[in-house]
Amino acid sequence: MSKLSRRQILIFFAGSVSAALWGAKNFSTASSIAEKKIKPLNFTPVRLPHPLPIYQQYKNFLPTGIGQGKELNVSEDIKLTCYKVIDDVVVPPEYERYVIVSWGDRVFSNQEEYVGYNCDYTAFIPLSNNKDEGYLWVNHEYVSYPMSAAVIEAADDLAGLPTAFEPVIGWALPTSKNIQVEGEFLYNLGGSIIRISRNKTSKRFAVVKDAKNRRIHGLSGLGINSQRTDGYQNVTSWGNLSYQKGNQNYLIATGPAATQVFNLSTDGLGNKIIGTAYNCSGGTTPWGTILSAEENFQNQVGVTEAVKSDGTQIGYTDGTTGKTFGLVGEKYGWIVEIDPTNPKFRPRKHTCLGRYHHENVAMRVAAGKKLVAYMGDDRRGGHTWKFVSAGKVSSPSSKSNSRLWEEGTLYVARYNSDGTGQWIPLVLTTATNPIAPTVLSSVEFAALGKVQKEGHLPLPKRKGIAGQTEDGGIFKCDRTNEVKVLPAYQNKKLSNFYTTQGAVLSDAFLAANLIGGTPTARPEDIEIHPRTQEVFIAYTDGAPGSDGYPDSRIFHVAKLNNTANATQQSGGLYKIIEDSADGTGLTFRWQRLAQGGEAGSVSGAGFANVDNLVFDDRANVWGVTDMSTNTHNGFNTGAIGKQTTISHTASGNVSDLTGVFGNNWLFFIPTSGTNAGQVIPFAHGPVRCEMTGPTFVGDTLIISVQHPGEDCPINDGTMLSRSIELLDLNGTTFNQNRTVPRGSSWPSNISPADGGKGQSTGVPRPSVIGIRRKSSLGRFI
C-alpha cells in the first residue's frame, strides 16, 4: 500500500467520482491543507516482527513483557534479527486495554448459565442514546481446544493434557463425546446479550446486572422436540442443570424458505427452529437490532449442508451434533435478527438473504429508499452478495423496517476482468451459465502449467444431468471433466434444478455457481463507506480449497513464480462502486487497493488475511487479520511445536508464509492527512488468537479476542524458538530468530486491575475487551 500515490489513495478512499472531479491540481492543494490540519500521528505504532515502512518514519513500541515495552528509534534499517512474541493484547503506550467480559462469566439471572466460547462480532445498542450505557451483543462462533479434549480433530498429541472447561466453568465435562458434551458445545455457540456501563471514574465499561441479560444459543428452544414424531421427541435436554433442559425459546423464519422448504422438513416442526449457532460476524441496524451471521454450520459441531432440489437436507450426517439433536440442515446458515432490548422479540432467520456461510452484513438505509444489504460467503470460492428489499424504508430508526427483510431480491456479483461487474438475480427464471473451470483457473495455469484442485466448480447434483443418478448434494465440475459435463448445466434455468424459490435460497452457493456468479477469495467482511457509500470488501485468502476455486483473473490464487519477492496470495482489500446512486442497480465497477503479503513483496500491503473492517468517525479504516492458527509464528498446532516450511522461493500455494507476521493484529489506515494510505500497526493479540468484531463506542474500541492458545497446550512456560525467513522492504530475504510461548494464558496472565488474575500460566479464555486512550479527550484517536 505504501507504493500507491497520494492521488490513488484519495481516489480509493474519498470516492472515485469526487476525486476525479477534483483533478490533480486541486488534489495537491487540498492534500496540503489537510496535512496542516491533521496531526501527523498521535500514538506510537506497535512494533511487529516484520518490516513495515511506518517504522522508517516514526518511533515504535516494541513489547518486552506483559504491559511492558521499549521505544525504538526511527531507522532506515528496520530488520529485527530477534523477536520475542508476547502473550498479551499489546497496544500503544498511550492506550490501555482491559477485559469487559470473558467466556464462563456468570452474568445472567440464572447463575448456572454463562457467557459462551469464542467471542466474535460485537455490537453496542445504547440506552436512550446514552453511549455510556447499553446492551453489548457478542457472537460465539465455534468451540476449539483447549476448551475440551473432545474437540480435538487433528493434533492427537494434545490428548491427556490439561483443558480449560473445568477450571473456568466449575464442573468437569466428559473427555469423549456424548449428548452432554455435544449439547454443551452447542450451548457455547450463538450469542450473549449483556448490559454494560461506563464507570464514571475509570471510564471503563463493566457488566451491569439486568434481567434482560440472556443467552441465545445453539439449542435455544430444544423443548419443541417433544412435538416431533420422528424419533427425536425425547431429545429435549442434554444434562441435569436447569439451562440444559430444553425450553420454548425457539426461533422462527421469514421469507420463501419459511413457507416453501421448512414445511417439508423432516423434523415436522414447520417454521419453528431450534437455536442459532456458528455465529461469526454480523451487522447492526439503525433501528437497534442485531443481524448475526451463521457461518460454518457444516462441521461436526454442525449440520448437513447439502440439500435436495426441494431445499431440504439429503439426510443427517453421521458424527454431527445435527444428527444427535435432530437439527435439520436447511434451517441453519442464515442471517438472524435479534433485538437485545426486547426479550419478547422472537429471533428470526431471514431466508430472503440466502443460505450459505454468512460472514457479515452491511446496510444502506435511507428514508424513502429501498433497503440494500451486502454480504459475503466466507469459503474458498464463496460469493459476494447483495439484497434489495421490495419495500422502502420509512424512518431509518423505526423497528418496522425489520419487515423489509421478508421480501426482496438476492443478487450474486459477477466480476469482469475489465473492472466492471453485474448483479445476477438468484430467482427461478435466471438462466444457468457457469464459469468454466478452465476460465477460472486460466491465470494460474498460464504461470505454472498446473492448477490447484483442478480449478473445480461445485454444482448441484441432479438425476439425469451429466449422467448423475442422485438428486441432491454436490457435483464437482473441474478441468478434467468440464468438456463432458458442463454443457448439461448450461442454457437452462434455475427452475430446472430447484422446485421453488425457497429451495433456490436454501442452496444459494451452488445456485450462484450455476448462474455464473464469480467464485471469490473468501469475503470475510464488507463495510459501506460512511460518506461515499462505496462498498469495501476484505477478501482474506485467494488459495482454492475443497469448496471451490476463486477466479484467478480477479484474485491472486497462488504465488505464481519462485522469485523471493513475488506477489503472495494472502487476500486483499477491494471495493465496489455502484453505478446506481441508491445501490439498487444491476451494474457496478470494482477496484483493488491492497494485495495481501509482506511489504517487501510485489504489491504487498504489509498484512495478510485481512478480516473484519470498521470505519471510525473520521472515515479512517481499521482492520484485523485472520491468519490460520496452524501457521502462527512458523509453528503448527499441537504440543510438539512442529515447524512449518517458510520458503520465499517456493511457488504455488504458499499459505505457510503467513508465519512471518507473528500473531494476528489490528491495523489502522488513515484516509486523509500526512499518513493517508499507510498501514499503521495499532495492536497485536495474544498467542494463537484472532482479534475480531471491532466496534467503536465513543472513545473506546470494543473488540473480541477469540481462541487464545487455540489447539495448543495451555501455557506452562514452554517456549518455542526457530529461525524464520522474512522479506526486507527491498525484496531481499533475511533471517530472524523468533521466540514464542507454545500456548497462551491470556487474560489470566494480566493484572487483576485489567481483568486478569496475575497468573503467568493460567487458563486462556476468549474475551471481549475495551481499548481506550489513557488521556482520552472523548475520541478514540
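Structure shown above.
Quick caveat: nothing in here was measured; it's all calculated off a predicted structure.

K.L.:
It is not clear to me how the overall build of the protein chain should be interpreted in this structure. Could you clarify?
P.N.:
Counting its regular elements, the protein chain contains 11 helices and 34 strands. Relative to its length of 781 residues, the protein chain is compact, with a C-alpha radius of gyration of 25 Å against a globular reference of 28 Å. Each principal axis of the C-alpha atoms in the protein chain carries an extent, and together these give about 70 × 60 × 55 Å. By residue count, 63% of the 781 residues in the protein chain fall in the buried class. In the protein chain, the share of contacts with a sequence separation of at least 24, taken over all contacts with a separation of at least 6, comes to 67%. Accessible surface, the protein chain: about 26,500 Å² in total, of which carbon and sulfur atoms supply 48%. If you average the places of the 75 positive and of the 69 negative side-chain charges in the protein chain, the two averages end up 5 Å apart.

K.L.:
Which parts of the structure should I look at to understand the nonpolar core?
P.N.:
The nonpolar side chains of soluble globular proteins are, as a tendency, buried together. Membership of the largest hydrophobic core comes to 61 residues, with the highest contact counts inside it found for Trp-665, Phe-682 and Ile-771. Here this core takes five residues from strand β28 (residues 665-669), the largest share from any one element. Residues within four places of Phe-682 in sequence aside, it is in contact with Phe-43, Val-46, Val-90, Val-91, Pro-92, Tyr-95, Trp-622, Leu-666, Phe-667, Ile-771 and Phe-780. In this structure, Val-168, Trp-171, Phe-262 and Trp-334 belong to the second largest nonpolar core, which totals 59 residues.

K.L.:
Just to check I follow, could you spell out the pairing of strand β4 (residues 95-102) for this structure?
P.N.:
Sheet faces and side chains relate simply in a regular strand, where the side chains alternate between the two faces. Burial analysis of β4 places eight of its eight residues in the buried class, the great majority of the element. Taken together, the seven bridges between β4 and strand β34 (residues 767-773) define a ladder with antiparallel strand orientation. Paired with Tyr-95 across the two strands is Arg-773, which belongs to β34.

K.L.:
What is the right way to look at the environment of Thr-285 in this model?
P.N.:
Here Thr-285 is to be found in the loop between β11 (279-284) and β12 (290-294). Considering only alpha carbons, one finds Thr-285 and Asn-401, 116 residues apart in sequence, at a separation of 9.2 Å. Not counting residues within four places of it along the chain, the set of residues in contact with Thr-285 comprises Leu-291, Glu-337 and Met-363.

K.L.:
Before we go on, may I ask you to explain the pattern of salt bridges in this structure?
P.N.:
Note on pairing: side chains with opposite charge can pair once their charged atoms come close. Counting across every chain of the model gives 32 salt bridges. Glu-534 serves as the salt-bridge partner of Lys-575, at 2.6 Å between the closest nitrogen and oxygen. Here Lys-575 is found in strand β24 (residues 572-578), whereas its partner Glu-534 is found in the loop between β22 (523-528) and β23 (535-539), with 41 residues between them in sequence. Because the salt bridges share partners, they merge into one network encompassing Asp-88, Glu-96, Arg-97, Asp-132, Arg-198, Arg-204, Asp-699, Asp-754 and Arg-772.

K.L.:
Before we go on, may I ask you to explain the state of the cysteines in this structure?
P.N.:
Linking two cysteines covalently through their sulfur atoms gives a disulfide. Scanning all chains against the criterion turns up zero disulfides. The thiol of Cys-712 is not disulfide-bonded; the next cysteine sulfur, from Cys-689, is found 12 Å away.

K.L.:
Sorry if this is basic, but what is going on with the sheet that holds strand β17 (residues 384-392) here?
P.N.:
Strands pair in a sheet through their backbones, by hydrogen bonds, and they do so in one of two ways: parallel or antiparallel. Taken together, the nine strands give an open sheet; going across it, the order is β15-β16-β17-β18-β19-β25-β24-β23-β22, and neighbouring strands pair in antiparallel fashion. In this open sheet, the two edge strands, each paired with only one partner strand, are β15 (358-364) and β22. Mean inter-strand twist for the sheet, computed between neighbouring axes without regard to direction, equals 30 degrees.

K.L.:
In this structure, what is going on with the packing of aromatic side chains? I would like to understand it.
P.N.:
Working definition: an aromatic ring pair is given by the centre-to-centre distance plus the angle between the planes. Taken as a whole, this structure holds 39 aromatic pairs when the rule is applied. Seen in terms of ring centroids, Trp-238 and Tyr-243 are 6.1 Å apart; in terms of plane orientation they differ by 65 degrees. Their pairing is edge-to-face. Here Trp-238 and Tyr-243 have matching classes, each one buried. What links up through ring pairs into an aromatic cluster is the set Tyr-374, Tyr-415, Trp-423, Tyr-539, Phe-555, Tyr-574, Phe-588 and Trp-590. If you follow Arg-215 out to its NZ or CZ, it ends over the ring of Tyr-187, 4.6 Å from the centre. Above the plane of the ring of Tyr-498 lies Arg-462, whose end atom (NZ or CZ) is 4.9 Å from the centre.

K.L.:
How should I be thinking about the sheet that holds strand β30 (residues 690-697) in this particular structure?
P.N.:
Read across the open sheet, the four strands follow the order β4-β34-β31-β30; overall the sheet is antiparallel. On the outer flanks of this sheet lie β4 and β30, each paired with one strand and no other. Averaged over all adjacent pairs, the angle separating strand axes in this sheet is 25 degrees, with direction ignored. Across six bridges, the pairing between β30 and strand β31 (residues 700-706) is antiparallel. Within β31, the position partnered with Glu-690 by the bridge is Gln-706.

K.L.:
I keep staring at the side chain of Ser-704 and nothing clicks. Help me out?
P.N.:
Within the fold, Ser-704 resides in strand β31. Sequence-distant contacts of Ser-704, that is, excluding residues within four places in its chain, are made with Cys-119, Asp-120, Thr-122, Val-138, Glu-690, Met-691, Thr-692, Ser-767 and Val-768.

K.L.:
Would you take a moment to explain helix α4 (residues 179-187) for this structure?
P.N.:
Each α-helix winds once per 3.6 residues, and so residues spaced three or four apart point in a common direction. α4 sits mainly inside the fold: seven of its nine residues count as buried. Lining the buried residues of α4 we find α3 (165-169), β9 (214-216) and α6 (321-325). Two to three positions downstream of the cap, the backbone nitrogen of Gln-180 sits 3.0 Å from a side-chain oxygen, assigning the N-cap of α4 to Asn-178.

About the cut-offs
Residues numbered from 1 in each chain as written. Predicted model: local features only at pLDDT ≥ 70, side-chain atom pairs only at ≥ 80, totals over all residues. Heavy atoms only, no water. Helix = DSSP H or I, 4+ residues; strand = E, 2+ residues; numbered from the N terminus. Rg over C-alpha atoms; globule rule 2.2 N^0.38 Å. Buried < 20%, exposed > 50% of the residue type's maximum accessible area, 1.4 Å probe, protein only. Contact = heavy atoms within 4.5 Å. Areas by Shrake-Rupley, 256 points an atom, 1.4 Å probe, with all protein chains shown as cover. Lys, Arg positive; Asp, Glu negative; His and termini not counted. Charge placed at Lys NZ, Arg CZ, Asp CG, Glu CD. Core = buried A, V, L, I, M, F, W, Y, C linked by side-chain atoms within 4.5 Å. Pairing = 2+ DSSP bridges. Salt bridge = Lys/Arg side-chain N within 4 Å of Asp/Glu carboxyl O. Disulfide = S-S within 2.5 Å. Axes fitted to C-alpha atoms, helices over the stretch in contact; angles between N-to-C directions. Phe/Tyr/Trp six-rings, centres within 6.5 Å; stacked < 30°, edge-to-face > 60°. Lys NZ or Arg CZ within 6 Å of the ring centre and 35° of its normal. Polar contact = N/O pair within 3.5 Å; in protein donor to acceptor, adjacent residues only side chain to side chain.

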